[in-house]
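Given next are the chains, with one letter for each unit.
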Amino acid sequence: MSDDLMKKMLRAVLQANKNGVSITRLQGEYRSLTGEFIPDRKLGYPSLECFLRSIPSVVRMENRMGEIMCFAAVCQETAHIAQLVARQKSSKRAPGRSQMLNCRMRSKLASNFVFYGRSRLSLSQSASSENALSITISNVPHPTPKALQPGDYNPQVVQNRISEVLKKYCSGLWLSKLPSVYRDMHKQDLPGQAVIDLENWTHICLVEKPVSTNRADRLVYPPQSKPPSLALSPVKPPTAPYTVKPATLKELLSKYSHGLWAHALPKLYQETFKVPFPEDILSNLSLLLDICTVEYPMTDNKMKAILYGPTTEYKIPSPAIFPVASGNPPTWISEKPKQFRKMLGIFLFLHRYIGEGYSQALETMEESMSTVYSQVSAQRLLPFPSAGELAAVKVEGGEEVVRAQVCEVMTDKVKVYYVDHGFSEVLSRTKLLELQKDFLKLPFQATTCTLAGLEQFSSELSVLQTLESLAVGKILLVELLQHDADPPQVVLYDTSHDDEVNINVVCLKALQDKAMENPLQVNSTYMNVSVTNVCSDGTIFCQLPSRGRVKLNEILDKIEAFFITQVTSESLVSTPFCGKCCLARYKGRWSRVEITNLHGSRVLDIKFVDLGVPASVEVIELREIPPSFLHELMVIPPQAIKCCLVELEVGVWTPEAVLWLRGAVLNSMDCSMKISTLDEDKLVHIYLFTSKGSQDVTNSVNHQMATSDLWKQPGPQKDGLPTLSFLDTVVANMVDQLTLDSPACSPIPVSTNTPSPLDGAGDMSNPTLVTSAWGEKQLVLPPLLELPQAGQNMDVYVSVACHPGHFVLQPWQDLYKLVVLMGEMVLYYNQREETPGPGDVQKGEVYAAKVDHNWHRVLVNRVLSSGLVSVYELDYGKHELVSCTLLQPLIESFRQLPFQGITAQLAGVEQCVWSEAATIVFRNHVEKKPLVAQVECVVEAELPWDRKMIVYLVDTSREETDIWVHNIMADFPEEQSTAA
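Looking at an unreviewed UniProt entry, one finds the protein named Tudor domain-containing protein 7B and attributed to Oncorhynchus tshawytscha. According to the UniProt record, the Subcellular location (unreviewed entry) comment for the protein reads "Cytoplasm".

Right, here's the structure in full:
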């Protein structure tokens, strides 16, 4: 964001708050408008206050009762407008604070989506436009503490109350924060005269002398205390006062660019710096505003706050993913493996992007170059080449002409680097031609990057050979981890197989020493087997005695001792990615893990590779493998072997069978096993024994389970509730009669009749809205999502697009809150074993459901006899079919954020049946894209999933013009037929 635009946004924030904004709230207010924080430190200022004082034409600052308030300075250009608006304000204006929301796309702190292109301006042609469309959103008014009148001022009462404050904050308190702390503790405002008299009340407090022009930036502390360097925390007597060093907290936050949960701060601080963190700070996070920015993504829960460091770059965290062609030499250059390995000696990897604007643009340019340089008049030799100079090079034996840069000039030869292909070559100086300016418009297409996780293994021949065989000459997918790194870190994927291959992971596996494994042989028996995990599908993980297992335990013991003595944040994992190897605690001990999936930027799935145990954790629970132990650990193969029991089919086992097997074999060191077969999926079929006695299969765990009653399916489960009374039956029937049937989604061609999440007909009662005769409380739904009025705009993300008559929007403003919520759901539900049986799932009720490793808030459409359930994702608008065992009750804390999926219909087009071609065009223009929605009308309903918006969709991502989607769909008149 430019400085001018930033100042305009700041002025808009202040103008929307005529009573001023406290400097402690200004960052949050600004981010609500723009999605970014005021970059005061990035602009070179030590604090936000210093920056604001440097722009008096934008901000006017006043010290009111010790609290710094910010107001919009009068702009000479718009002063007459401000006066006119002031005269027109009505005294009947609804209470509450309003804020202007400019419809500009904002970067969120966490998102599951991948966005391409630059930041967008909504409906305005440029950032400097004074006619940018905006909407006004009124916040819910909060009760204001009673203000003391001048006649109510009692110095003795105020002195006693200030003494109580300082007893809690015995290390001292900033004078600028005293009014808010006083208000929170005593439910009354601190009189302004008391702030003036404070310096004279030396019997209750001491006020340090000002060290700057800001008199509020001083410490107030009890007379018996010495002024600390930084008093952040209230410390309860008689505990000795201690403080938090700003440098240590900033260091900690700098490791988590996407923010840190406040509740995790005490434990993380203690583990990192080996000193306790004042936990009382968590009850008043405003004390940290000089060090970090505080945000509350869950408005209902003030205990859930996220802290952002001052140097945090607020950009979309989800790594961008592009298809990429690795830097293979063109057909006219002979492949040189030695040069390739030399290049990788510092582990730089060269690749080219493919697709529109990349490889296609390169092909077009090189074809044009071949045409131009085929003319004799254009073949002007480069007379005096010098290092760094650009040239055109005609390929020997062909007509191709490519761009090159001179690296080294010799007597009659030069060494050039092909800037679009990533390779060097020595050739005759007569091959160099002057490069015409027309061929300088396209950026160089060869990009240099590093492979994440392989930085310390650049000289390992096995890694280089693996990379060369997997990457060179192939079209790959590249995941960019750090956009601002030079060179950037990437993860490469080969998507040409049924299961995509993470090339970084395969390269790491090339380091493993097979001699550290216990070789597996059919019909062999192994003693001292440790079963580390029993999965719900019947597969088990075992550890066998091996050299690797002994060596692993030795290294992990050394790492435990290392972390005990380490006082630094260097071991914190700041850039997680799929396939990364690091450490996490398992039963109080550090163990090797591999990251298997990311849920936003803070929550992820891991697998303990030596135990076969999956888990979902926060990123703060991970540690980097210390560099001194990294190579030793990487050469040890994973010690967990995936097995299954012969005679017992792998699948969905009964809970009784899983629990029995876990109780029989987990954590037992006396187990033994006999290998029956080895299949191609590396699944080892075994007979398992719990003692060292006879190895006859009749004594095996397999035989005991196969002949037991563990596989008998229970009969229909009773819900344990009384039979419905006559009143309940009447109420349920009334709901059935009042509920309208909605059509199900039909295949293309499709009607514009909007499909309801509750497809099917008949008994579409909603138990969530019925109160039983016994007074039972039914599930309470989240509040309805606030929607803009007709004619207003909102930033949206289109999660699903069926056709112009039915698509699903998500409000961009709160997308990051949804990501936070889903991360919390992953942590909560992945740790639970309990699942409701098929008889417990009711149609029309809301649950949490696991879909593709994520937990979603869903509405049950229907329950099938096969045990499958048809559900509708209330935040994304998708229909899914899941097993009833993957449903969980939606607990109250996950029912606070309004459902984020909004059913919508495109305005500006007739009601019609859309052809497949028109539907595909519409989907390609809007699905999975951030857009601006201009509201034509909102169709309200009692249930959130029955509400609908009719909107115009506008793509504002292009520099030159905005694209109105309904105009595109108007190009299909022959494809439409009026709906009945």
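Having put the structure on the table, let's press on.
**Student:** Explanation requested: the overall build of the protein in the structure shown.
**Tutor:** What the protein contains, in helices and strands, is 21 helices and 44 strands. Looking at the protein residue by residue over its 980 residues, the buried ones come to 49%. For the protein, restricting intrachain contacts to residue pairs at least 6 apart in sequence, the fraction spanning at least 24 positions comes to 67%. With the model as given, the accessible surface of the protein reaches about 47200 Å², and the carbon-plus-sulfur share is 53%.

**Student:** Looking at this structure, I do not really get the pairing of strand S34 (residues 846-851). What am I missing?
**Tutor:** A regular strand places its side chains so that they alternate between the two faces of the sheet. With respect to burial, S34 is a largely interior element, five of its six residues being buried. In this structure, S34 lies alongside strand S35 (residues 854-863), joined through six bridges in antiparallel fashion. Counterpart to Ala-849 in the pairing with S35 is His-856. From the end of S34 to the start of S35, which pair antiparallel, there are two residues, and Asp-852 there has a positive phi angle of about 50°.

**Student:** It is not clear to me how the sheet that holds strand S1 (residues 21-22) should be interpreted in this structure. Could you clarify?
**Tutor:** Paired through backbone hydrogen bonds, the strands of a sheet run either parallel or antiparallel to each other. What the three strands build is an open sheet, ordered S1-S3-S2; its pairing is antiparallel. One side of each edge strand has no neighbouring strand; the edge strands of this open sheet are S1 and strand S2 (59-64). Taken together, the six bridges between S2 and strand S3 (residues 67-72) define a ladder with antiparallel strand orientation. Note on S3: the bridge partner recorded for Arg-60 is Phe-71.

**Student:** Looking at this model, I keep getting lost on empty space enclosed by the protein. Mind explaining?
**Tutor:** Rolled over the atoms, a probe sized like a water molecule indicates the empty space that remains. Under the counting rule described, the total for this entry stands at ten cavities of 30 Å³ or more. Here the largest cavity is characterised by a volume of approximately 80 Å³.

**Student:** What is the right way to look at the packing of aromatic side chains in this model?
**Tutor:** What describes a pair of aromatic rings is the distance from one ring centre to the other and the angle between the planes of the rings. As enumerated under the stated definition, the model contains 16 aromatic pairs in all. When the ring of Tyr-828 is compared with that of Tyr-829, the centres are 4.9 Å apart and the planes differ by 85°; the resulting orientation is edge-to-face. Residue Tyr-829 is classed as buried on the basis of its relative accessible area of 2%. An aromatic cluster of at least three residues, connected via ring pairs, comprises Phe-562, Phe-563, Trp-590 and Phe-629. Lying over the aromatic face of Trp-261, Arg-602 brings its terminal NZ or CZ to 6.0 Å of the ring centre.

**Student:** Even after reading the chapter, I still don't get the packing of helix H14 (residues 547-565) against helix H15 (residues 627-634), so can you show me in this structure?
**Tutor:** Contact geometry for H14 and H15: axes closest at 10 Å, N-to-C directions at 165°. As summarised for this structure, H14 and H15 are arranged roughly antiparallel, according to the angle between their axes. H14 and H15 meet at a crossing whose hand is left-handed. Only Phe-629, Glu-632 and Leu-633 of H15 make contact with H14, whose side of the interface consists of Lys-551, Leu-552, Ile-555, Lys-558, Ile-559 and Phe-562. A per-class count over the contact of H14 with H15 returns six nonpolar, no polar and three charged.

**Student:** Quick question: what am I supposed to make of a nonpolar patch on the surface here?
**Tutor:** A cluster of nonpolar side chains, namely Leu-864, Leu-868 and Leu-881, defines an oily patch on the protein surface of about 230 Å² accessible area. Tracing the backbone through its elements, the reader meets Leu-881 in strand S37 (residues 879-883).

**Student:** Quick question: what am I supposed to make of the sheet that holds strand S8 (residues 219-221) here?
**Tutor:** Ordered in space as S6-S8-S7, the three strands form an open sheet in which the pairing is antiparallel. Each end of this open sheet is capped by a strand with a single partner; those strands are strand S6 (173-174) and strand S7 (206-207). Examined bridge by bridge, S7 and S8 share two bridges and lie antiparallel to one another. In the sheet register, Leu-206 faces S8, and the bridge partner there is Tyr-221.

**Student:** Quick question: what am I supposed to make of the environment of Leu-787 here?
**Tutor:** In this fold, Leu-787 is placed in the loop between helix H18 (726-738) and strand S32 (793-803). By relative accessible area, Leu-787 is classed as buried at 14%. Sequence spacing of Leu-787 and Val-935 is 148 residues, and the spatial spacing of their C-alpha atoms is 9.3 Å. Sequence-distant contacts of Leu-787, defined by excluding residues within four places in its chain, comprise Ile-902, Val-938, Arg-947 and Met-949.

Conventions and cut-offs
- Residues numbered from 1 in each chain as written.
- Predicted model: local features only at pLDDT ≥ 70, side-chain atom pairs only at ≥ 80, totals over all residues.
- Heavy atoms only, no water.
- UniProt positions renumbered as here; feature names shortened; annotations may be inferred.
- Helix = DSSP H or I, 4+ residues; strand = E, 2+ residues; numbered from the N terminus.
- Buried < 20%, exposed > 50% of the residue type's maximum accessible area, 1.4 Å probe, protein only.
- Contact = heavy atoms within 4.5 Å.
- Areas by Shrake-Rupley, 256 points an atom, 1.4 Å probe, with all protein chains shown as cover.
- Pairing = 2+ DSSP bridges.
- 1 Å grid on protein atoms, 1.4 Å probe; cavity = no way out; pocket = protein on both sides within 12 Å on 5 of 7 lines; lining within 4 Å.
- Points joined across faces, edges and corners; volume = space filled by probe spheres on them.
- Phe/Tyr/Trp six-rings, centres within 6.5 Å; stacked < 30°, edge-to-face > 60°.
- Lys NZ or Arg CZ within 6 Å of the ring centre and 35° of its normal.
- Axes fitted to C-alpha atoms, helices over the stretch in contact; angles between N-to-C directions.
- Parallel < 35°, antiparallel > 145°, perpendicular 65-115°, else oblique.
- Left-handed = near helix turned anticlockwise from the far one by under 90°.
- Nonpolar A, V, L, I, M, F, W, Y, C, P; charged D, E, K, R; others polar.
- Patch = residues over 30% accessible without salt bridge, like charges linked within 9 Å, V, L, I, M, F, W, Y side chains within 5 Å.
- Salt bridge = Lys/Arg side-chain N within 4 Å of Asp/Glu carboxyl O.

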